[in-house]
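# Architecture at a glance
The residues making up each chain are set out below.
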Amino acid sequence: MTDAEVLVVGGGSTGCGIARDLAMRGVDVTLVEKGNLTNGTTGRMHGLLHSGARYAVSDQPSASECIEENRVLRDIASHCVEMTGGQFVQLEGDDDEYFEEKLKGCRECGIPADVLTAEEAREEEPYLSKDVKRSIRVPDGAIDPFRLCVANAASAQEHGARIETHTEVTDVLLDESDDEVRGLEVRHDSGPGKHEHGRAGETEKITAEYVVNATGAWAGQIGEMAGVDVEVRPSKGVMVVMNCRQVDTVINHCRPKGDADIVVPHETTAILGTTDEEVSDPEDYPEEQWEVDMMIDQLSKLVPILQEARTVRSFWGVRPLYEPPGTGTTDPTDITRDYFLLDHEERDGLSSFTSIVGGKFTTYRMMAEEISDHVCEQLGVSAECQTADEPLPGSEDFSVLRDYMDEFGLRSPVGRRSVQRLGSRADDVLKTGEPNPVLCDCEAVTRAEVRDAIDQSGTDLNAVRIRTRASMGNCQGGFCCHRMANELFPEYDESQAYDALDELFEERWKGERHALWGEQLSQAALNYALHATTMNRDRPLKGEDTDFAAFDSGVETEIPEPVADERGERGD
Ligand SMILES: Cc1cc2nc3c(=O)[nH]c(=O)nc-3n(C[C@H](O)[C@H](O)[C@H](O)COP(=O)(O)OP(=O)(O)OC[C@H]3O[C@@H](n4cnc5c(N)ncnc54)[C@H](O)[C@@H]3O)c2cc1C
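Residues numbered from 1 in each chain as written. Predicted model: local features only at pLDDT ≥ 70, side-chain atom pairs only at ≥ 80, totals over all residues. Heavy atoms only, no water.

In this section: the pattern of salt bridges. Using the criterion set out here, one finds 39 salt bridges in the structure. Measuring nitrogen to oxygen at the nearest pair gives 2.9 Å for the salt bridge that ties aspartate 96 to lysine 133. Taken together, the positions of aspartate 96 in helix H3 (residues 96–108) and lysine 133 in strand E7 (residues 132–138) put the pair 37 residues apart, joining distant regions of the chain. Aspartate 96 gets classed as partly exposed once you look at its relative accessible area, which sits at 36%. Overall, lysine 133 belongs to the partly exposed group, its relative accessible area being 31%. Of the charged contacts in the structure, one is a salt bridge between arginine 182 and glutamate 180, with a shortest N-O distance of 3.7 Å. (Salt bridge = Lys/Arg side-chain N within 4 Å of Asp/Glu carboxyl O. Helix = DSSP H or I, 4+ residues; strand = E, 2+ residues; numbered from the N terminus. Buried < 20%, exposed > 50% of the residue type's maximum accessible area, 1.4 Å probe, protein only.)

Structural data, given as structure tokens:
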């Protein structure tokens, strides 16, 4: 008797998609993730729902998969997708032949594609450069990776799966002859949130009939624990977040390949990207200023206003690229974006273990279906995949949005955005009968939404952030982090609320420090003044004895003098 039929390692889009697919087929599945959901590449990607046009010349099978899944995701995850549309823009001087090849490739792969004249292109996107020659319009879109991943995990859980976050795999358990995987050894951590299973610091051996390695760029590390080679070639890319949507459609530069060639409108921002540079460690690589500068320099040739616009933060992600052994591609931009299912029994003589590597976020569901078919075949389960037809939680019938708008009298952007994010859960979340002020002004997130997210993720304000987008707008949390933390009290005590606040600040600061010029520098200085100076959040709290409750109740309290160290300086 094992603890689970299948253990999935990795809480990114691939792992969550697999857990959902298997659970819907009636398989007893446990997913383990060392951080929170979307801790890896899925939480650090561009947010493009590919139409496939990007690959229509270089990799037509991938292009066809993308358009197929693009249609499926619009159906099953409408509350995570914004169908912005996209353009592949040719500037004066760009290659005519490549433009024609792109158009032909799109048509060959079944991707709807129309040619726009320069005037038409600029009518749709007024900030495009005057150097536009023509463009191809395609059904690219924007997708929210956080909501999509959470929705997959929630659906898996509804079908009986156990989802363990903050649980790191430390070893792969083998049978005595080392030719079959029997389970995993994991270490539970004290990550914030509602963690119901293991206790922090505890290790646990979880046995299973089958183990799936869905750790993306980390797949080689899990392979090594099992004694097999998984030759992932992690490749980093930078993304730069602008203060508002300078464009409303996805703008791609129509040229063979190159860095800095795409702008994706995402919620209230536009995200510029990207680069492609191989790294040896998916967690330890340089994040360099020139990469950020290059995005702005290059992309302002397509959209000149970017040169003066305000940059709010930058972040990097690592692609889980894979090449079959012996391929030996030297330039990472030439490594295939296709995905590979590595059955370690066939490949390495190690049974009950498969890795899934490569691929794209857009095709996560298809990857999950293929690996779930494979696992079910091994386990003798005959149930069919249902994930292409069964809507994800929250998106059952997105046409209800209009009805909700009327019902709640929500005409304002705040109401519209709340209902868009929540989809068919809007009723449950917004009808609280209590006042519902806006806590995050930049992203229009109300108290009811923040409380709903806290109900699901406890003290983990970063999880609240990824569910609601609170603190992800122009002020980068300057005016709302503390309001979010405030909602934790009194369910959680003061020290838990302060810890959660600090963690959220740290996370916001990580990306902001690459964007410290112009207006964003002023914003960062204001945030510093507010949080560090006014709220004393840039140093450990002064002494354990401070009675903070006394401030709230108005009772006078003596604040201890700062302690001086041997050099007579204040201890920070
Ligand atoms: C710069 C960039 C931009 C991109 N843009 C797009 C785009 O716009 N559209 C698109 O379709 N695709 C895009 N991609 C590709 C896409 O993001 C990835 O293919 C996809 O997110 C990979 O998901 P995953 O679940 O396979 O991996 P991940 O999301 O990395 O998940 C793997 C998980 O495994 C966990 N893990 C690792 N080790 C352990 C362990 N020992 N124990 C437990 N858990 C562990 C990690 O914490 C991680 O959460 C982009 C990629 C990059 C790098």
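On we go from here.
Here we take up the site of the ligand. As a matter of local geometry, the ligand sits amid 36 residues, with Thr14, Glu33, Asn39, Thr42 and Thr362 nearest to it. Glycine 359 places a main-chain nitrogen or oxygen 3.3 Å from an oxygen atom of the ligand. Between an oxygen atom of the ligand and a main-chain N or O atom of phenylalanine 361, the distance comes to 3.2 Å. About the coverage of the ligand: the protein hides 96% of its 1,000 Å² of free accessible area. Of all the elements in the fold, those that place two or more residues in the shell around the ligand are helix H1 (13–24), strand E10 (167–174), strand E13 (232–242) and strand E18 (311–322). In terms of residue count, E18 provides more of the shell around the ligand than any other element does, 4 residues in total. Class assignment for the residues of the shell around the ligand results in 11 nonpolar, 20 polar and 5 charged. (Near = heavy atom within 4 Å. Polar contact = N/O pair within 3.5 Å; in protein donor to acceptor, adjacent residues only side chain to side chain. Areas by Shrake-Rupley, 256 points an atom, 1.4 Å probe, with all protein chains shown as cover. Nonpolar A, V, L, I, M, F, W, Y, C, P; charged D, E, K, R; others polar.)

Each regular strand carries side chains that alternate between the two faces of the sheet. Bridging between strand E1 (residues 4–9) and strand E12 (residues 203–213) involves 5 bridges; their strand directions are parallel. Bridge pairing in E12 places alanine 4 opposite alanine 208. As judged from the 5 bridges shared by strand E11 (residues 181–188) and E12, these two strands associate in the antiparallel manner. Residue glutamate 185 lies in a different strand from E12, and its bridge partner there is lysine 205. Where E12 and strand E20 (residues 353–358) come together, 3 bridges link them in parallel fashion. In the strand pairing of E20, valine 211 is matched with phenylalanine 353. (Pairing = 2+ DSSP bridges.)

Turning next to the confidence of the model for the protein chain. In the predicted model, the protein chain carries a mean pLDDT of 88, and the fraction of residues at 70 or more is 90%. Predicted confidence for residues 398–402 stays below pLDDT 50, and this span has 8 contacts to residues more than four positions away or in other chains. Confidence over residues 550–557 falls short of pLDDT 50; this stretch has 5 contacts with residues more than four positions distant or in other chains. (pLDDT = per-residue confidence, 0-100. Contact = heavy atoms within 4.5 Å.)

Cis peptide bonds are those with omega within 30 degrees of zero, and the linkage from glycine 273 to threonine 274 qualifies with -15 degrees. Positionally, threonine 274 belongs in the loop between strand E16 (269–273) and strand E17 (277–278). The residue after phenylalanine 489, namely proline 490, is reached through a cis peptide bond having omega 5 degrees. Structurally, proline 490 can be placed in the loop between helix H15 (481–486) and helix H16 (494–512). For arginine 469, which is not a glycine, the phi torsion comes out positive at approximately 80 degrees. One non-glycine residue with positive phi stands out, namely glutamine 476, at about 55 degrees. Among the residues examined, glutamine 476 registers a relative accessible area of 2% and is labelled buried.

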